[in-house]
Amino acid sequence: MELFGTGCNIKVLGAGCKSCHEQYENVKKAVANLNLYAEVEFITDMEKVMSYGVMSMPAIVVNEQVVSMGKVLKAAQAEKLLEKQADSLINPLKSDIIEL
């Protein structure tokens, strides 16, 4: 499975605590399990974290969109989240399509 066709950027935002590291590792496992072409970054710079409007950590950002915050997802939960993100871009809701 190739998320978004050309790969994607996934960021785990956190303070560097044990929970945030755990989230980072779980996201990396999810990416590997799904065989995704994705870059996974761990961001602990609070200025960068705050630029996403995140107030509770850890948080997950996919292609610059915050998709989870405030809880540590297990690898299986992260897989489902990433699959959902891919599906929402590949199969947008009909209401999101502008018809002429």
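As a reminder, the structure under discussion sits directly above these lines.
Since this is a predicted model, take the numbers as computed values, not measurements.

**Section: the overall build of the chain**
Piece 1. Each helix and strand in the chain was counted, giving 3 helices and 4 strands.
Piece 2. Counting from the amino terminus, the chain carries its helices and strands in the arrangement β-α-β-α-β-β-α.
Piece 3. Here the chain holds 100 residues, and the buried ones make up 38% of them.
Piece 4. For the chain, the share of sequence-separated contacts (at least 6 apart) that also reach a separation of at least 24 residues comes to 67%.
Piece 5. In the structure as shown, the chain presents an accessible area of about 6,300 Å², 52% of it carried by carbon and sulfur atoms.

**Quick notes on the environment of Leu-81**
Piece 1. Turning to its location among the elements, Leu-81 is positioned in helix H3 (residues 75-90).
Piece 2. For Leu-81, a relative accessible area of 15% translates into the label buried.
Piece 3. Remark: the alpha-carbon pair of Leu-81 and Ala-30, spanning 51 residues in sequence, is separated by 9.5 Å.
Piece 4. Discounting chain neighbours no more than four positions away, the residues touching Leu-81 are Ile-60, Val-67, Ser-68 and Leu-73.

**Some points on a nonpolar patch on the surface**
Piece 1. A surface patch of nonpolar side chains, amounting to about 320 Å² of accessible area, comprises Met-46, Met-50 and Met-55.
Piece 2. Relative to the helices and strands, Met-46 is located in helix H2 (residues 46-51).

**Things to note about the environment of Leu-73**
Piece 1. Examined against the element boundaries, Leu-73 turns out to sit in the loop between strand E4 (65-69) and H3.
Piece 2. Taking the C-alpha atoms as reference points, Leu-73 and Gln-23, 50 residues apart in sequence, are found 6.3 Å from one another.

**So, unusual backbone geometry**
Piece 1. Note the cis peptide between Met-57 and Pro-58, where omega equals 0°.
Piece 2. Positive phi, close to 55°, is recorded for Asn-35, a residue that is not glycine.
Piece 3. Among the secondary structure elements, Asn-35 is positioned in the loop between helix H1 (18-33) and strand E2 (38-43).
Piece 4. Since its relative accessible area comes to 60%, Asn-35 is described here as exposed.
Piece 5. Here the phi dihedral of Glu-64 falls at roughly 70°; this positive angle occurs in a residue that is not glycine.
Piece 6. Here Glu-64 lies in the loop between strand E3 (59-62) and E4.
Piece 7. On the basis of relative accessible area, Glu-64 is assigned to the partly exposed category, the value being 48%.

**A look at H1**
Piece 1. Its 16 residues give H1 an end-to-end C-alpha distance of 22 Å, which sits within 8% of 22 Å, the value for a rise of 1.5 Å per residue.
Piece 2. Among the residues of H1, those classed as buried are Cys-20, Gln-23, Tyr-24, Asn-26, Val-27, Ala-30 and Val-31. Looking straight down H1, one finds that the buried residues subtend no more than 165° of arc, so they occupy a single side. Projecting away from the buried face of H1 at angles above 90 degrees are the exposed residues Lys-18, Ala-32 and Asn-33.
Piece 3. Looking one or two residues past H1, Asn-35 carries a phi angle of roughly 55°, positive in sign.

Procedures and definitions
Along each chain, residues carry numbers from 1 onward, in the same order as the chain's sequence is written. Residue-level local features of this predicted model are given only where pLDDT is at least 70; pairs of side-chain atoms are given and counted only at 80 or more, and the full residue set underlies all totals for whole chains, interfaces and linings. Side-chain numbers here rest on the full set of heavy atoms in the structure, without hydrogens or water. Helix numbering and strand numbering both begin at the N terminus, where a helix is a DSSP run of H or I of at least 4 residues and a strand a DSSP run of E of at least 2. Each residue is placed in one exposure class: buried if its accessible area under a 1.4 Å probe, protein chains only, is under 20% of its type's maximum, exposed if it is over 50%, and partly exposed if it falls in between. The contact criterion used is simple: two residues touch if any of their non-hydrogen atoms lie within 4.5 Å. For the accessible areas, the method is Shrake-Rupley and the probe is 1.4 Å, while residue cover comes only from the protein chains on display. Residues qualify for a patch when their relative accessible area is over 30% and they have no salt bridge, like charges being joined within 9 Å and the nonpolar side chains of Val, Leu, Ile, Met, Phe, Trp and Tyr within 5 Å. Salt bridge, as used here: a side-chain nitrogen of Lys or Arg that lies within 4 Å of a carboxyl oxygen of Asp or Glu. Expected helix span is given by 1.5 Å per residue-to-residue step, counting one fewer step than there are residues. Our arc is simply the arc of the directions from the helix axis toward the C-beta atoms.

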